[in-house]
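# Geometric and topological summary
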Amino acid sequence: MKNILITGATGQIGTELTMALRERYGADNVIASGLTNIPDAVIRAAGHFHFIDCTNKARIAEIVKRHDIDTIYHLAALLSAVAEDHPNLAWEVNVGGLYNVLEVARENNCAVFTPSSIGAFGPETPTVNTPQVTIQRPTSMYGVTKVTGELLCDYYHAKLGVDTRGVRYPGIISYKAPPGGGTTDYAIAIFIAALKEKKYTCYLKADTKLDMMYMPDALKAAIEVMEAEPKSLKHRNAFNVTAMSVTPALLAEEIRKHIPEFEITYEIDPVRQEIADSWPDKLDDTCARDEWGWTPSYDLSSMTADMLKNLSE
Ligand code: AKB
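Just so you know, the residues in each chain are numbered from 1, in the order the chain's sequence is written. Per-residue local features are limited, in this predicted model, to residues with pLDDT of at least 70; the limit for side-chain atom pairs, both in listing and counting, is 80 or more; totals at the level of whole chains, interfaces and linings are taken over all residues. Note that the side-chain values use all heavy atoms of the structure and ignore hydrogens as well as water.

## Overview of the overall build of the protein chain
Within the protein chain, the regular secondary structure consists of 12 helices and 16 strands. For the radius of gyration, the atom set is restricted to C-alpha positions; the globular benchmark scales as 2.2 Å times the number of residues to the power 0.38. Here the C-alpha atoms of the protein chain give a radius of gyration of 19 Å, agreeing with the 20 Å that 2.2 N^0.38 yields for 313 residues. Seen through its C-alpha atoms, the protein chain measures out along the principal axes to roughly 55 × 45 × 40 Å. Of all 313 residues assigned to the protein chain, the portion counted as buried reaches 54%. To measure how exposed things are, a 1.4 Å probe is used in the Shrake-Rupley method; for residues, cover is taken only from the protein chains shown. Summed over its atoms, the accessible surface of the protein chain is roughly 13200 Å², and 51% of this surface lies on carbon and sulfur atoms. Charge counting treats Lys and Arg as positive and Asp and Glu as negative, with His and both chain ends excluded. A charge is said to be at NZ when it belongs to Lys, at CZ for Arg, at CG for Asp and at CD for Glu. Side-chain charges in the protein chain split into 30 positive and 41 negative, and the spacing between the mean points of these groups amounts to 4 Å. Strands are runs of DSSP state E lasting at least two residues, helices are runs of H or I lasting at least four, and both sets are numbered from the N terminus onward. Relative accessibility thresholds used throughout: buried, under 20% of the residue-type maximum; exposed, over 50%; partly exposed, between the two (1.4 Å probe, protein chains only).

Okay, here's the thing in structure tokens:
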């Protein structure tokens, strides 16, 4: 990787991935881009930033050529709850944007990282130890766009020779930049509320089990899958990756070990509950472990301690 372009660089993952890639490959070689009007000050100060709307293919191509880009981390996307509210826009951004990136990559010989999600699964998918290759019939618009994206990336690799790679992210827990309207966002809001108010009202039921991952592991997965030897990859796109499998009740119990007076109550949001109920409880990430050495560093207890420490600072 010589020169990297990141789309969606001002989002939850993009903000931190930009900084991690700049540290690893040099600030001048990592070009951040996003659509927000006020890009994160740190990203701007630390290197190049361009406004890119990923539905505009010509603009992506212009920046790729200008900086001689050879790798694109394509993070720009609508998350599940927002996508359910705006299905047309979700298709346009999540599928149209990815298609544009893949076309620019094909024309300019770039490798592409695209995150898929646990949202690519549906109610008919086995919920425990969800296999790498299994039934995928998602019922949310977000899921429909993610499965389409996985298939598009497979096609561009198999038929058009583009070096496409990716992982299926679970809910990502972090403290630097806020998430943008996902179903798993409660797992961040709960920490902020616990520290500020010692109580939190959760929009998912107490026993809703979902895969989660702490941000340092999410960054590690994105970097390692792109650095993996191509010949060791049998699957390439959309590797299952996970670090922990938690419910709101379990997370609250873990937080109480640090803040004993913390209380959780529940007011269910039917839209997000339905989405969460259609997603797996626990992914099997054996293929990622075997093919490129994936192994998470944080579990529920170490993540909780680190989140509380950093948020209180
Ligand atoms: C969401 O909740 O939409 C995302 C995801 C799991 O893809 N965090």
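So much for the structure itself; the text now carries on.
## Here's the deal with the site of the ligand
Here a residue is considered near a molecule or strand provided that any single heavy atom belonging to it is located within 4 Å of it. Taken together, Leu 79, Ser 80, Ser 117, Ile 118, Tyr 142, Pro 170, Gly 171, Gly 182, Thr 183, Thr 184 and Trp 279 make up the full set of residues near the ligand. Within 3.5 Å is the distance limit for a polar contact, defined as a pair of N or O atoms, with the added protein rule that one can donate a hydrogen and the other accept it, and that residues adjacent in sequence qualify only through two side-chain atoms. One of the side-chain nitrogen or oxygen atoms of Ser 80 is found 2.5 Å away from an oxygen atom of the ligand. In the model, an oxygen atom of the ligand is placed 2.6 Å from a nitrogen or oxygen of the Tyr 142 side chain. Taken by itself the ligand offers 250 Å² of open surface, and the protein chains cover 94% of this. Note on residue categories: nonpolar means Ala, Val, Leu, Ile, Met, Phe, Trp, Tyr, Cys or Pro, charged means Asp, Glu, Lys or Arg, and polar means any other residue, Gly included. In terms of residue class, the shell around the ligand is built from five nonpolar, six polar and no charged. As used throughout, domain bounds are those supplied by an automatic or database domain assignment. A domain-level breakdown of the shell around the ligand finds at least three residues from each of domain 1 (4-170 + 213-240) and domain 2 (173-212 + 244-282 + 298-312).

## Examining the environment of Asn 88
Summarising the element assignment, Asn 88 is placed in helix α5 (residues 87-108). Taking the C-alpha atoms as reference points, Asn 88 and Cys 54, 34 residues apart in sequence, are found 15 Å from one another.

## Description of the sheet that holds strand β13 (residues 239-240)
The pairing criterion for strands is at least two bridges between them, as found by DSSP. Strand order in the open sheet formed by three strands is β6-β9-β13, and the pairing between neighbours is parallel. Pairing within the sheet leaves two strands with one partner each, and these edge strands are β6 (116-117) and β13. Across two bridges, the pairing between strand β9 (residues 167-169) and β13 is parallel. Looking at β13, one finds that Val 167 is bridged to Phe 239.

## Notes on the packing of aromatic side chains
Any two rings among Phe, Tyr and Trp, with Trp reduced to its six-membered ring, count as a pair given centres within 6.5 Å; such a pair is stacked if its planes are under 30 degrees apart, edge-to-face if over 60, and tilted if neither. Tallied over the entire structure, the rule returns nine aromatic pairs. Aromatic pair Tyr 73 and Phe 113: ring centres 5.2 Å apart, planes at 40°, arrangement tilted. Taken together, the residues span a long stretch of sequence, with Tyr 73 in strand β4 (residues 71-74) and Phe 113 in strand β5 (residues 111-113) at a distance of 40 residues. For Phe 113, a relative accessible area of 0% puts it in the buried group. Throughout this description, the term charge over a ring refers to an Arg CZ or Lys NZ atom that lies within 6 Å of the ring centre and within 35 degrees of the ring normal. The residue whose ring lies beneath Arg 272 is Tyr 203, and the NZ or CZ to ring-centre distance is 3.6 Å.

## Notes on the sheet that holds strand β10 (residues 171-173)
Pairing is mixed in the open sheet, where three strands are placed in the order β10-β12-β14. Of all the strands in the sheet, just β10 and β14 (244-246) have a single pairing partner and so form its edges. Each strand of the sheet is rotated relative to its neighbour by a mean of 45°, with strand direction disregarded. In the sheet, β10 pairs with strand β12 (residues 210-214) via three bridges, with the strands oriented parallel. Of the residues in β12, the one forming a bridge with Ile 172 is Met 213. The sheet contacts of helix α7 (residues 186-196) involve β10, β12 and β14, and relative to β10 the element is tilted by about 25°. Simply put, an axis is a line fit to the C-alpha atoms, just over the touching stretch for a helix, and the angle between two N-to-C directions goes from 0 to 180 degrees. It only takes one pair of heavy atoms within 4.5 Å for two residues to be counted as in contact.

## Observations regarding the packing of helix α9 (residues 248-256) against helix α12 (residues 300-312)
Running from N to C, α9 and α12 cross one another at 60°; their axes reach a closest spacing of 10 Å. Relative to α12, the element α9 lies oblique. When you trace α9 past α12, the crossing you get is right-handed. Residue-level contacts link Leu 250, Leu 251, Glu 254 and Ile 255 of α9 to Leu 300, Ser 301, Met 303 and Thr 304 of α12. Classifying every residue of the contact of α9 with α12 by side-chain character gives five nonpolar, two polar and one charged. Every angle not falling under 35 degrees, over 145, or within 65 to 115 is termed oblique; those three ranges are roughly parallel, roughly antiparallel and roughly perpendicular. Throughout, a crossing is termed right-handed when the near helix is turned clockwise from the far one, and left-handed when it is turned anticlockwise from it by less than a right angle.

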